[in-house]
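Each chain is listed here by its residues.
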Amino acid sequence: MGGLTSRIGFRGRLVTAMVALVSLLIGALMMVYLFEDENRRALEQLTIAERLTTEVLERRTDLELSRLNVVVRDFGFRSAIASGDPATLNSALENHSGRVDADFALLLDSQGQLLASTLTQKAPDINEMQLATARKSGVARSLLTIDQRGYEMLVIPIEAPGLRAWLVAGFELDQELANIITRLSGSSVIFRASPNGPGGFINFATSSDIDSTEDPALNGTESNQNFIKSDRYFTRILDLGGFGQISFEAVLLTSREASRQNYYSRALEIALLVTVIMALAILLALLTARHLGRPVLQLADYARAVGHGDNPPAPDIRTGGELRQLRDTLRDTLARLIRREGEIRNAATHDEVTGLGNRNALMQSAKDSFDAGKPCSLIGLRVSDLSDINDTLGLAFGDKVLLGLSQRLRDELPDAGIIARTGGGEFLTLIPQLGPEALALRAQALHDTVVAPRNIENTPFSLRTHLITLQLPADASNNSELRRRVNLTFEHAFRQGVAVTRYERGRDEDHLRELKLVSDLHSAVRNNGLHMNYQPKLDNSTGQLLQVEALVRWIHPELGFISPEEAMATLNRLRNLGVTLSIDDFGTGYSSLSQLRKLPVQELKIDKSFVLKLNAEPQDPLIVKSTIDMAHGLGLKVVAEGIENLETWKLLQAWGCDVGQGFYLSRPVSADKLAQTVAALAERQQELSGITPEHSP
């Protein structure tokens, strides 16, 4: 069931539900219509039976009258009357009444007195009104009951000439007549009379298919109604007339059960018909929906595949009109998308000026080599004067220079996996792996070719370039390292001014460390990561306070104490900002003469270990004095640290030391005590300014 529902789909289920609902609604309406139609047909049948009963009774009366007229004109019958003999009269009446199928006959004289009768019981009374009507109209008709039987009685005069007698004939309303009416009309009939008025009836003839005892309601009537309420029959009452106080009726009946059976039969037929029609309609609707929906589903699948980036063939839609136009539109759109995607992909991986690969293409090729574990060599080239060419000769000319340069690279690097223009004047290429010496020779040869003089549009010029080389993956194992180390090597090449430079391992790590120090120094300043104290520095010759030294200590949370080499870049940046730099603790640790030559300092501070025992250690005065002389020779100021007594201060003063500092003068103090310290030193200035003879080691 679930599989069938899945195959039908939502559209099929909707169509099926709609068809079923419509069919059921039509079926229900048909059932109601049939029910009402059966009732209507039953009532129409009763109406027809009513007319037919009236007509049958009238024709029967006409036939009876016609026969009686023949009898009264019969010569033998008249002769018998003329004879006046009772036996003759009885015989003639018996014979002639039998000829007209009368159930009884009476012969009256002209005065209405009974002459003869075929009845064994008392003859009914014939009143003068009946005789007068018969004399006037030729016949008098009335209904009467005799011995619980109903009769139609006809009175006709016998003229010979002049009125000679009256012939009275009675014809019973019997079961045979009721059966004839039933057979002709399809409705049953009950002949009945009410001798005692409404409510009491005598049924004297009933169709053979009716048993009035099974439905007592048939023995009654509704006042002022022409029907009887019955659960078994539709009824109609036909008034047949009467005689005196007696009224005669014909009750016409149609079986409700027969009507319902007919209704059930027709309903069953209609239900079967509706079911078949519904099944056919559902099948037809599904086939139609499938037929009509197939192109739409094909287009939906086609659009879905296009949305997924596939390039499926356009569906074969045989129908025309809008669906075909939609298919053609999707197909054309897909073609344009594919073409545009190709253009975008080409633009994303190629340089629009030279047609070479671009940075993305180079990085993708490098990544493929890394992923595949395939070693290779990289040669990078940067044109130093491309900006000058563009500025002086124009961008169009610059593009021609790039085109010419790219063609030379193609010619010189036929084995390159990729040659890419990765920047304004930067080209990178991946070639099969070469040894260090071979790679250097290849790069040098390429450099010589690139810088060779050329003419473009009759303009001679030469390019100035720098080339770099890297071994992959030894020098860079991923794209991030590659990009960073290529730039670092190019910068090194520019700083060194060499034509070809290879990447040296560790250079990138030093560069990263330097960048980290610079970056973290800013963070340390912002986050109070530097520890600072102030130590006064006095003019060694006058004892006057010159300045205070801000003693800053930075302990990097990861790198610990930063060595002078590591701080070289930072120092250069600080000096460029106007900061005065000093070599601290000169003579110990990293403060060697070689560092003095490299560092961008303006001041040299003699380590306190040489000053503390200056008056005790025999070699320290020589070292300190020589250091002062050397520093002055280099144009540096000299600061002596660790002065803890007056004698040392005086010695330094005698040797021309520029500035002194130490506990003898002042310990490092915090900012809030700095003013008090300055005042104390001012009071000691006379003591410190005195000059003593030079002490020689």
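Just so it is clear, the structure is predicted and the values come from calculations on it, not from any experiment.

Draft legend 1. Layout of the sheet that holds strand S12 (residues 426-432). Pairing within the open sheet is mixed, and its 5 strands lie in the order S11-S12-S10-S15-S16. Pairing within the sheet leaves two strands with one partner each, and these edge strands are strand S11 (418-421) and strand S16 (500-502). The mean inter-strand angle of the sheet, taken between neighbouring strand axes irrespective of direction, is 20°. Where strand S10 (residues 376-383) meets S12, 7 bridges bridge the pair, whose relative direction is antiparallel. Each residue of the ladder has a partner; that of Leu 381, found in S12, is Phe 427. Running over the sheet, helix H10 (residues 395-412) touches S10, S11 and S12 and is turned about 10° from S12.

Draft legend 2. How the structure looks around the confidence of the model for the protein. Looking at the protein, the pLDDT average stands at 85 and 93% of residues meet or exceed 70. When pLDDT is averaged over each element of the protein, S12 comes out on top at 96 and strand S19 (residues 560-561) at the bottom at 66. Segment residues 692-697 is flagged for pLDDT under 50; beyond a separation of four residues in sequence, or across chains, it makes 11 contacts in the model.

Draft legend 3. Geometry of the nonpolar core. Ranked by size, the top nonpolar core spans 31 residues in total, and within it Ile 606, Val 624, Ile 628 and Leu 652 carry the most contacts. If sequence neighbours within four positions are ignored, Ile 628 has contacts with Ile 606, Val 638, Leu 652, Trp 655, Gly 656 and Cys 657. One finds Leu 356, Leu 386, Leu 402 and Leu 467 within the second-largest nonpolar core, a separate group that totals 24 residues.

Draft legend 4. Region of interest: the packing of aromatic side chains. Scanning the entire structure with this criterion turns up 4 aromatic pairs. Geometrically, the ring pair formed by Phe 35 and Tyr 263 is edge-to-face, given 5.5 Å between the ring centres and 80° between the ring planes. Of this pair, Phe 35 sits in helix H1 (residues 2-72) while Tyr 263 sits in helix H6 (residues 256-307), placing them 228 residues apart in sequence. Look at Tyr 263 and you get buried, because its relative accessible area is 14%. Taking the centre distance of 5.7 Å and the plane angle of 55° together, the rings of Tyr 263 and Tyr 264 count as tilted.

Draft legend 5. Structural detail: the sheet that holds strand S6 (residues 188-194). Strand order in the open sheet formed by 4 strands is S7-S6-S9-S8, and the pairing between neighbours is antiparallel. A single partner strand is all that each edge strand has here, and the edge strands are strand S7 (202-206) and strand S8 (233-243). Averaged over all adjacent pairs, the angle separating strand axes in this sheet is 25°, with direction ignored. As paired strands, S8 and strand S9 (residues 246-255) are joined by 10 bridges and run antiparallel to one another. Along S9, the bridge assignment pairs Gly 242 with Ser 247.

Definitions and limits used
Every residue gets a number counted from 1 within its own chain, in the order that chain's sequence is written. This being a predicted model, a pLDDT of at least 70 is required before a residue's local features are given, and a value of 80 or more before pairs of side-chain atoms are given or counted; all residues contribute to the totals for chains, interfaces and linings. With hydrogens and water stripped out, all remaining heavy atoms of the structure feed into the side-chain values. Pairs of strands are assigned from DSSP output, requiring at least two bridges between the strands. In DSSP terms, a helix is any run of H or I states spanning at least four residues, a strand is any run of E spanning at least two, and both are numbered starting from the N terminus. Here an axis means a line fitted to C-alpha atoms, over the contact stretch when the element is a helix, while the angle between two N-to-C directions is reported on a 0 to 180 degree scale. In this description, contact between two residues means that some pair of their heavy atoms is separated by no more than 4.5 Å. Each residue gets a pLDDT score, which is the predictor's confidence in that residue and runs from 0 to 100. Residues enter a nonpolar core if they are buried and are Ala, Val, Leu, Ile, Met, Phe, Trp, Tyr or Cys, with the set joined through side-chain atoms within 4.5 Å. Type-normalised accessible area, obtained with a 1.4 Å probe on protein chains alone, sets the label of each residue: buried when under 20%, exposed when over 50%, and partly exposed for intermediate values. Each Phe, Tyr or Trp ring, with Trp reduced to its six-membered ring, pairs with another whose centre is within 6.5 Å; inter-plane angles below 30 degrees give stacked pairs, above 60 give edge-to-face pairs, and intermediate values give tilted ones.

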